[in-house]
Amino acid sequence: MVYILLGATHPHELRTRGESYRLGLEAIVKEHKLEKHVIFHNRFVELKELTEFIGSADLYITPYLDEAQSTSEP
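Here is what the cut-offs are and how they apply
Residues numbered from 1 in each chain as written. Predicted model: local features only at pLDDT ≥ 70, side-chain atom pairs only at ≥ 80, totals over all residues. Heavy atoms only, no water. Helix = DSSP H or I, 4+ residues; strand = E, 2+ residues; numbered from the N terminus. Buried < 20%, exposed > 50% of the residue type's maximum accessible area, 1.4 Å probe, protein only. Polar contact = N/O pair within 3.5 Å; in protein donor to acceptor, adjacent residues only side chain to side chain. Contact = heavy atoms within 4.5 Å. Patch = residues over 30% accessible without salt bridge, like charges linked within 9 Å, V, L, I, M, F, W, Y side chains within 5 Å. Areas by Shrake-Rupley, 256 points an atom, 1.4 Å probe, with all protein chains shown as cover. Salt bridge = Lys/Arg side-chain N within 4 Å of Asp/Glu carboxyl O. Expected span 1.5 Å × (residues − 1).

Assignment of secondary structure puts threonine 9 in the loop between strand S1 (3-6) and helix H1 (11-17). Given the relative accessible area of 15%, threonine 9 is considered buried. Among the polar contacts listed, one links the side chain of threonine 9 to the side chain of arginine 22, at a separation of 3.2 Å. Threonine 9 has contacts with Leu14, Gly18, Glu19, Arg22 and Asn42, leaving out every residue within four places of it along the chain.

The subject of this paragraph is a nonpolar patch on the surface. Together, Met1, Tyr3 and Leu5 give the surface a local cluster of nonpolar side chains, amounting to about 340 Å² of exposed area. Among the secondary structure elements, leucine 5 is positioned in strand S1.

Checked against the element boundaries, tyrosine 60 lands in the segment after helix H3 (47-56). Separated by 56 residues in the primary sequence, tyrosine 60 and isoleucine 4 place their C-alpha atoms 9.7 Å from one another.

Relative to the 16 Å expected for 12 residues at 1.5 Å per residue, helix H2 (residues 20-31) spans 16 Å between its end C-alpha atoms, a close match to the ideal helical length. A positive phi of about 55° marks lysine 33, the residue just after H2.

Bringing unusual backbone geometry into the picture now. Phi at lysine 33 is positive, roughly 55°, even though this residue is not glycine. Structurally, lysine 33 can be placed in the loop between H2 and strand S2 (38-41). With a relative accessible area of 67%, lysine 33 lands in the exposed category.

Counted according to the given criterion, the structure contains 4 salt bridges. Here arginine 17 ties to glutamate 13 by a salt bridge, and the two come within 2.9 Å at their closest N and O atoms. Of this pair, arginine 17 and glutamate 13 both sit in helix H1, 4 residues apart, which is roughly one turn of the helix. Note on arginine 17: relative accessible area 54%, which makes it exposed. Where arginine 22 meets glutamate 19, a salt bridge forms, and the shortest distance between an N and an O atom there is 3.4 Å. By relative accessible area, glutamate 19 is classed as partly exposed at 26%.

See below:
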């Protein structure tokens with residue numbers, strides 16, 4: 001099984017905390033030796049590519065409360 005964490009850090013998060021959250025997640029993955037099972041795609045993807053990722057997923061988890069929102073603008 002492979003988990004993909006897709007998306008760039010939100011600009012507000014970058015301004016206030018930098019990449020500390022993402023780096024913390026990456027450290028946890030490394031600590032538990034899960035690098036073969038967790039892939040970080042630290043970049044914004046356009047809607048077409050996003051739908052390809054979602055379409056190929058067995059499970060899709062989003063941080064948004066509104067089910068109609070699948071992305072935030074960069």
